[in-house]
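# Breakdown of the fold
Chain residues, written in single-letter form:
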Amino acid sequence: MAVAHFPPTVAAVPAVRSSTVRTLTEWSVDSQAVNGTEVVVCELASNAVKASRPDDVVAIRLTATTGHVLLEVWDGNDIAPRIKSPDLFGEDGRGLLMVDALSRRWSWYRVKTGGKVIWAEIVGGLQAAPQTTGAATPMPSRRPRVGPAPTAPVVYRTDPETLRRVADALRALDPWHRPPTGRRSSEATARKA
């Protein structure tokens with residue numbers, strides 16, 4: 001996972017783009033996922049810059065697995081994003097259409113501390129690392145412990161919409177979008193977790 005913070009200026013969008021491409025390339029993410037994420041992050045960062053106040057930041061979080069890249073973009077505006085029907089000759093209104101077309105799925109959630117996060121899953125992800133020929137150190141293991149018996153029947157729900165809402169609510173509790181110093185800096189700050 002990587003988090004980066006940028007000032008809410010139009011000049012920050014190319015920095016967001018190059019930072020995203022550099023991070024995903026360093027992680028050995030497949031090229032199609034890098035290309036798709038590059039376009040999506042540009043659209044979401046442009047929208048975040050337009051929606052932000054001058055004293056805000058635009059925060060980007062990347063997570064890569066073998067199946068997808070999860071891109072999250074925070075801005076300080078609480079207004080819900082919506083896909084518009086763009087004017088045929090207009091220059092605006094196509095960004096979320098592109099995000100919708102290039103991602104497996106996307107959505108948004110409000111953050112407890114204010115603002116919103118728009119996230120998108122891009123198909124693809126980490127490439128398999130080549131096998132090493134050395135003797136691998138075995139992973140440590142633990143013995144399972146029996147816990148207390150439940151007081152009521154446990155019911156698991158696997159409805160995708162319910163699971164997505166729960167995941168969004170849990171993500172909203174994490175203040176990753178705030179810069180580590182608590183204030184905006186003039187250039188991008190990044191941290192990897």
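Everything quoted here is computed from the prediction, not taken from an experiment. (Residues numbered from 1 in each chain as written. Predicted model: local features only at pLDDT ≥ 70, side-chain atom pairs only at ≥ 80, totals over all residues. Heavy atoms only, no water.)

### Looking at the confidence of the model for the chain
For the chain, per-residue confidence averages 83 on the pLDDT scale, and 83% of positions sit at 70 or higher. Note on residues 182–189: pLDDT is under 50 here. Beyond four places in sequence and across chains, it has 15 contacts. (pLDDT = per-residue confidence, 0-100. Contact = heavy atoms within 4.5 Å.)

### Considerations on the side chain of Asp 75
Among the structural elements, Asp 75 can be located in strand 3 (residues 68–75). Among the polar contacts made by the side chain of Asp 75, one reaches the main-chain amide nitrogen of Asn 77 at a distance of 2.9 Å. With residues up to four places along the chain from it excluded, the contact list for Asp 75 reads Ala 48, Ala 51, Ser 52, Gly 115 and Lys 116. (Helix = DSSP H or I, 4+ residues; strand = E, 2+ residues; numbered from the N terminus. Polar contact = N/O pair within 3.5 Å; in protein donor to acceptor, adjacent residues only side chain to side chain.)

### Some details on the pairing of strand 5 (residues 116–123)
It is a general feature of regular strands that their side chains alternate between the two faces of the sheet. The buried count for strand 5 comes to seven of eight residues, which makes it a mostly enclosed element. As defined by bridge partners, strand 3 adjoins strand 5 across eight bridges and the pair is classed as antiparallel. Paired with Val 73 across the two strands is Ile 118, which belongs to strand 5. Bridge count for strand 4 (residues 105–110) against strand 5 is six bridges, and the pairing is antiparallel. Counterpart to Arg 105 in the pairing with strand 5 is Glu 121. Between strand 4 and strand 5, which pair antiparallel and follow one another directly, the connecting turn spans five residues, one of which, Gly 114, has a positive phi of 115°. (Buried < 20%, exposed > 50% of the residue type's maximum accessible area, 1.4 Å probe, protein only. Pairing = 2+ DSSP bridges.)

### Observations concerning the packing of helix 1 (residues 12–26) against helix 2 (residues 31–51)
Two elements in contact, helix 1 and helix 2, have axes whose closest approach is 9 Å; the angle formed by their N-to-C orientations is 150°. Between helix 1 and helix 2, the angle falls in the class roughly antiparallel. Like other packed secondary-structure pairs, helix 1 and helix 2 cross with a definite hand, here right-handed. On helix 2, the residues that touch Val 13, Val 16, Arg 17, Thr 20, Val 21, Leu 24 and Thr 25 of helix 1 are Val 34, Thr 37, Glu 38, Val 41, Cys 42, Ala 45, Ser 46 and Val 49. Considered class by class, the residues forming the contact of helix 1 with helix 2 number nine nonpolar, four polar and two charged. (Axes fitted to C-alpha atoms, helices over the stretch in contact; angles between N-to-C directions. Parallel < 35°, antiparallel > 145°, perpendicular 65-115°, else oblique. Left-handed = near helix turned anticlockwise from the far one by under 90°. Nonpolar A, V, L, I, M, F, W, Y, C, P; charged D, E, K, R; others polar.)

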